[in-house]
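# Secondary and tertiary structure notes
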Amino acid sequence: MGTEQHDRPVALVTGSTSGIGEAVARRLAGGGMRVVVHSRHSTDAGEALAAELGGTYVQADLEVEDETRALVRTALDRHGRLDVLVNNAGISWPIPHADLAAATPADWRRLLEVNLIAPWLLCAEALPALREAPGGGSVVNITSHAGVRPKGSSVPYAASKAALNHVTRLLAAALGPDVRVNAVAPGLVDTPMTKDWAEAHQLWRERAPMHRPARPADVADLVASLIASSYLTGEVIVLDGGLNLT
Ligand code: NAD
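What counts, and at which threshold
- Residues numbered from 1 in each chain as written.
- Predicted model: local features only at pLDDT ≥ 70, side-chain atom pairs only at ≥ 80, totals over all residues.
- Heavy atoms only, no water.
- Helix = DSSP H or I, 4+ residues; strand = E, 2+ residues; numbered from the N terminus.
- Rg over C-alpha atoms; globule rule 2.2 N^0.38 Å.
- Buried < 20%, exposed > 50% of the residue type's maximum accessible area, 1.4 Å probe, protein only.
- Contact = heavy atoms within 4.5 Å.
- Lys, Arg positive; Asp, Glu negative; His and termini not counted.
- Charge placed at Lys NZ, Arg CZ, Asp CG, Glu CD.
- 1 Å grid on protein atoms, 1.4 Å probe; cavity = no way out; pocket = protein on both sides within 12 Å on 5 of 7 lines; lining within 4 Å.
- Points joined across faces, edges and corners; volume = space filled by probe spheres on them.
- Nonpolar A, V, L, I, M, F, W, Y, C, P; charged D, E, K, R; others polar.
- Pairing = 2+ DSSP bridges.
- Axes fitted to C-alpha atoms, helices over the stretch in contact; angles between N-to-C directions.
- Right-handed = clockwise from strand over helix to strand, strands pointing away.
- Salt bridge = Lys/Arg side-chain N within 4 Å of Asp/Glu carboxyl O.

Attention shifts here to the overall build of the protein. Counting its secondary structure elements, the protein contains eight helices and seven strands. The C-alpha radius of gyration of the protein comes to 17 Å, within 12% of the 18 Å expected for a compact globule of 246 residues. C-alpha extents for the protein along the principal axes are approximately 55 × 40 × 35 Å. Out of the 246 residues in the protein, the part that is buried amounts to 50%. For the protein, the share of sequence-separated contacts (at least 6 apart) that also reach a separation of at least 24 residues comes to 69%. If you average the places of the 22 positive and of the 27 negative side-chain charges in the protein, the two averages end up 4 Å apart.

In structure tokens, the structure reads:
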């Protein structure tokens, strides 16, 4: 690997073969970073995107602790440095909030495992490398407006994202000035996860001041801004087209 190539910062974006993660991967690669594309299943899509962006692809199931830890180690083995971690991978499915029996302990464990514990483990594994990043390390967690207000696809999902918002602030306080930690808390984003959520799409078209859900690129632009903003840390930015004002 030539010096010029080695000098480019490296970003690991989890869950980056679709939706928000793919848009973030494209945006960061467009800004000159080497991107590590990751997914759980979509190996072909991951390899193809990594080749297109001049990065590399790593497969890992974030419900499996060993695979989660190995994801960071593989990224470091391949690139020798890690400057940016975007914790984007997440899971969500609708469970009515008032039906307490429907949100089972198994649902809680799975949602917390992928949406909260995996980002924590990835931060822990990446920390030594992030501390050594020449411009300072940066973590961006993709959380949700459901973690800020009592809304969202299910109570356990919202709780997992609220916890990740708080972890964002706690780690920002603990890890500065070497590593900055921020979060983007989107409202509805037009991605595979929400393709069947007709009511939510209608709500955003009718009630949000921006009259539409976010596009993945809207989230990616904000993620890139947070990474570039060298004094910003501990912020959870709600990106919901202004729905919270109504
Ligand atoms: P998506 O389904 O397109 O992407 C989710 C990604 O997470 C996929 O690449 C998937 O492979 C990955 N993933 C899920 N479980 C995994 C596991 N066990 N191991 C490894 N990877 C796993 O959905 P998206 O809408 O792009 O979601 C991205 C993030 O944004 C999620 O954290 C989601 O909670 C959050 N979010 C989405 C919306 C929205 O409206 N789409 C709103 C708020 C927050």
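With that settled, the discussion passes to the layout of surface pockets. Approximately 1,200 Å³ is the volume found for the largest pocket. Every residue lining the largest pocket is counted, 48 residues in all, and those nearest its centre are Ser 92, Tyr 157, Met 193, Thr 194 and Trp 197. When residues in the lining of the largest pocket are grouped by element, the largest group, four residues, is from helix H7 (residues 198-207). Taken together, the residues that form the lining of the largest pocket break down as 22 nonpolar, 20 polar and six charged. The calculated volume of the second largest pocket comes to roughly 280 Å³. In terms of lining, the second largest pocket is formed by 19 residues, of which the most central are Met 33, Val 84, Arg 180, Ile 227 and Ala 228. If you list the elements that add at least two residues to the lining of the second largest pocket, you get helix H2 (19-30) and helix H8 (216-228).

What follows deals with the sheet that holds strand S2 (residues 34-39). Reading across the sheet, the seven strands line up as S3-S2-S1-S4-S5-S6-S7 and stay open at both edges, with parallel pairing between neighbours. Two strands in the sheet have a free side with no partner beyond their single neighbour: strand S3 (56-59) and strand S7 (236-239). If you compare each strand with its neighbour and ignore which way they point, the axes differ by 20° on average. Bridge count for strand S1 (residues 10-13) against strand S4 (residues 84-87) is three bridges, and the pairing is parallel. Within S4, the residue paired with Leu 12 across the bridge is Leu 85. Across the face of the sheet, H2 comes into contact with S1, S2 and S4 while running at roughly 175° to S1. This element, H8, spans S4, strand S5 (137-142), strand S6 (179-186) and S7 of the sheet and lies at about 160° to S6.

Neither face of S1 is open: one carries Val 10 and Leu 12, the other Ala 11 and Val 13, and all of them are buried. As defined by bridge partners, S1 adjoins S2 across four bridges and the pair is classed as parallel. When the bridges of S2 are listed, Ala 11 appears paired with Val 35. In this fold, the crossover linking S1 to S2 by way of H2 has right-handed handedness.

Across all of its chains, the model carries 13 salt bridges by this definition. Here Asp 240 and Arg 149 are joined by a salt bridge, their closest N and O atoms 3.4 Å apart. With Asp 240 in the segment after S7 and Arg 149 in the loop between S5 and helix H6 (155-175), the pair connects residues that are 91 residues apart, well separated along the chain. The exposure class of Arg 149 is partly exposed, given its relative accessible area of 23%. Where salt bridges share partners, they join Glu 65, Arg 69, Arg 73 and Glu 125 into one cluster.

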